[in-house]
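Notes for the structure review
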Amino acid sequence: MKTLVALEHLIKENEERVKLQTRQLSNHESGERKLSRVVKASIETSLEETKEVLAKYKAELEELLQQDRAEVEEKERLQAAIERKKYFDNQNLRINNNIEISSDQKLEAMLILDELPIDINIDDNELIDIATKSLELNLTNHIELNEKFVKIKQEFQSLLRGCKNEKLKEIGLLNVRIPILILHFSTLVENIVDALDIENKPAFKGLPRYEDWWIHELWRSHQAYFALYKWREIICNLCITSIQKRAWFKIFDQWVFIKKTLDDKEELAFEYTFAFDALLRKHANLEEELDSKNLLSMEAIIKSITSKENFCTVGREHDVTTLYLKFKRKKLEEQDLKE
């Protein structure tokens, strides 16, 4: 019953107000904190009014509580729902103030909360367990990542300012998962570079380039699927530890999911895709192949490999030069002219 819940909260608020005003007057009488005549008179008047209102609310609550038990149960259900909402609304603050967990765990928990869909809630203990396990992947293991994550989010929002389609900006996937994935991708590359340096192995030469048509024709062309699979394996072989390999597979799944989701929206999402690509290039040195000769050369290699697998030929709509690729070339040319 909404009235019961509201009255209980009003009673609690007025009780707190009575305590505060009583304490102020008590401090004045003891000399701990003297009040002016005007202020003292104002507090005394307000205290009397608050007590009257409090008594009135208590009487109304008592009368309502005499009604049907079903209404009381509904009130208790609503109260529980309110408390649960408060619990999750204050989760960030509560986790941050928890002195029993490390700063790394706190940061990881914050990032996980940002990543969760709006209708998914996880209790504190479970959240800490997930954050602890996530730290084992070596994706987020120091406090500086918080600043980097905030910077990436700001850069992403800045790149989208010129986007004409306002509806896309409301999609949580684009505004939350993209910056988190870029952070994870960037951290993985840094970890690979550091691991190679520690083990005195040849320097990291960068990630292999991917091709837009692999995403555009995914599920319509076995060669697009096979090319993505081989590309994933090449990067997996660049990973030094098993933890890095597991982290890469998770990153790859998210990357393909986001790229395919944006690709399915076609020209509507070109600006978003371009912003996503630009940040991955900046923070993870992940680039797309833009040169047609290289695109055709790689296609020939893929065809040669897949022919041995006895796959079918590419679809009739196959074209290595996608609409987004043309858009991207034009966009980059415009940027080069400005520079």
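Residues numbered from 1 in each chain as written. Predicted model: local features only at pLDDT ≥ 70, side-chain atom pairs only at ≥ 80, totals over all residues. Heavy atoms only, no water.

Some words on the overall build of the protein chain
Just so we agree on the cut-off: The helix and strand labels rest on DSSP assignments: H or I over at least four residues marks a helix, E over at least two residues marks a strand, and numbering proceeds from the N terminus. Relative accessible area decides the class of each residue, using a 1.4 Å probe on protein chains only: under 20% of the type maximum gives buried, over 50% gives exposed, and in between gives partly exposed. Reported accessibility uses the Shrake-Rupley method at a 1.4 Å probe radius. Residues are deemed covered only where the shown protein chains occlude them.
In terms of helices and strands, the protein chain carries 14 helices and zero strands. N-terminal to C-terminal, the α/β element order of the protein chain is α-α-α-α-α-α-α-α-α-α-α-α-α-α. Within the protein chain, the fraction of its 339 residues that count as buried is 38%. Looking at the protein chain as shown, the accessible area adds up to about 20,700 Å², and 51% of this sits on carbon and sulfur atoms.

A short note on the packing of helix α11 (residues 242–264) against helix α12 (residues 270–284)
To describe two helices that pack against each other, one gives the angle between their axes and the distance between the axes. Inclusion rule: Interaxial angles span 0 to 180 degrees and are taken between N-to-C directions of axes, which are lines fitted to C-alpha atoms, for helices over the stretch in contact. Here is the rule for angles: anything less than 35 degrees is roughly parallel, anything more than 145 is roughly antiparallel, 65 through 115 is roughly perpendicular, and the remaining ranges are oblique. Left-handed describes a crossing whose near helix is turned anticlockwise from the far helix through less than a right angle; right-handed describes the clockwise counterpart. Residue contacts are defined here by distance: any two heavy atoms, one from each residue, within 4.5 Å place the two residues in contact.
Here α11 crosses α12 at 150°, and the two axes come no closer than 9 Å. Taken together, the axes of α11 and α12 lie roughly antiparallel to each other. Crossing of α11 over α12 shows left-handed handedness. Across the interface between the two elements, W255, I258, K259 and L262 from α11 touch Y272, T273, F276, D277 and L280 from α12.

Digging into the packing of aromatic side chains
Quick reminder of the rule: Centre distance within 6.5 Å is the pairing criterion for rings of Phe, Tyr and Trp, where only the six-membered ring of Trp is used; planes under 30 degrees apart are then read as stacked, over 60 as edge-to-face, and the remainder as tilted. Should the NZ of a Lys or the CZ of an Arg lie within 6 Å of a ring centre and within 35 degrees of the ring normal, that charge is described as sitting over the ring.
Evaluated as defined, the whole model comprises 15 aromatic pairs. Here the aromatic rings of W231 and F252 are separated by 6.3 Å at their centres, their planes lie at 45°, and the arrangement is tilted. Pair noted here: W231 is in helix α10 (residues 222–238) and F252 is in helix α11, with a separation of 21 residues, a long-range link. Neither W231 nor F252 differs from the other in exposure class; each is buried. Residues F270 and Y324 carry aromatic rings whose centres are separated by 5.3 Å and whose planes lie at 55° to one another, so their mutual orientation is tilted. Placement of F270 in helix α12 and of Y324 in helix α14 (residues 323–338) is noted, with a sequence separation of 54 residues between them. Taken together through their ring pairs, the aromatic side chains of F185, Y210, W231, W248, F252 and W255 make up a single cluster. If you follow K331 out to its NZ or CZ, it ends over the ring of F274, 5.9 Å from the centre.

Topic: the environment of E8
Counting through the fold element by element, E8 comes out in helix α1 (residues 2–30). Taking C-alpha positions, E8 is 7.5 Å from L61, a pair spaced 53 residues apart along the chain.

Brief notes about the packing of α10 against α11
As a reminder, the rule being used: Throughout, the ten residues Ala, Val, Leu, Ile, Met, Phe, Trp, Tyr, Cys and Pro are labelled nonpolar, Asp, Glu, Lys and Arg are labelled charged, and all others, Gly among them, are labelled polar.
It is at 10 Å that the axes of α10 and α11 come closest, and there the two elements cross at 150°. With respect to each other, α10 and α11 are oriented roughly antiparallel. Of the two elements, α10 crosses α11, and the hand of that crossing is right-handed. Taken together, the residues of α11 that come into contact with α10 (itself represented by L228, W231, R232, E233, I235, C236 and N237) are K245, W248, F249, F252 and W255. Grouping the amino acids of the contact of α10 with α11 by side-chain chemistry returns eight nonpolar, one polar and three charged.

Quick word on the confidence of the model for the protein chain
Put simply, the rule reads: A score between 0 and 100, pLDDT records how confident the predictor is in each residue.
Averaged over all residues, the pLDDT of the protein chain equals 80, while 81% of them reach at least 70. For the protein chain, helix α3 (residues 69–89) is the element with the lowest average pLDDT, namely 68, and helix α9 (residues 212–216) is the one with the highest, namely 93.

Brief notes about the pattern of salt bridges
Rules: Salt bridge, as used here: a side-chain nitrogen of Lys or Arg that lies within 4 Å of a carboxyl oxygen of Asp or Glu.
For the structure shown, the criterion picks out 15 salt bridges. Measuring nitrogen to oxygen at the nearest pair gives 2.6 Å for the salt bridge that ties K282 to E155. With K282 in helix α12 and E155 in helix α7 (residues 144–159), this pair connects stretches of sequence that are 127 residues apart. Between E287 and R281 there is a salt bridge, and its shortest N-O distance comes to 3.9 Å. The network of salt bridges with common partners includes R209, R281, E287 and E289.

Thoughts on the nonpolar core
Rules: Definition of nonpolar core: a set of buried residues of the types Ala, Val, Leu, Ile, Met, Phe, Trp, Tyr and Cys, connected through side-chain atoms within 4.5 Å.
Ranked by internal contacts, the top residues of the largest apolar core, which has 52 residues, are F185, W231, W248, W255 and F276. If you list the elements that add at least two residues to this core, you get α5 (103–115), α7, α8 (172–198), α9, α10, α11, α12 and α13 (292–307). Considering each element in turn, this core owes the most residues, 11 residues, to α8. Apart from the residues lying within four places of it in its own chain, the contact partners of F276 are F156, I178, L181, I182, W255, I258, K259 and L262.

Remarks on the side chain of D263
Structurally, D263 can be placed in helix α11. Residues in contact with D263, not counting those within four places in the same chain, are I215 and H216.

What to know about α12
Filter applied, for reference: The span one expects for a helix is its residue count, reduced by one, times 1.5 Å.
Over its 15 residues, α12 extends 20 Å from the first C-alpha to the last, a length consistent with the 21 Å expected when each residue adds 1.5 Å. Burial within α12 is extensive, with 11 of its 15 residues counted as buried. Here α12 has its buried residues at F270, Y272, T273, F274, A275, F276, D277, L279, L280, H283 and A284. Phi for N285, located one or two positions after α12, is positive at around 55°.

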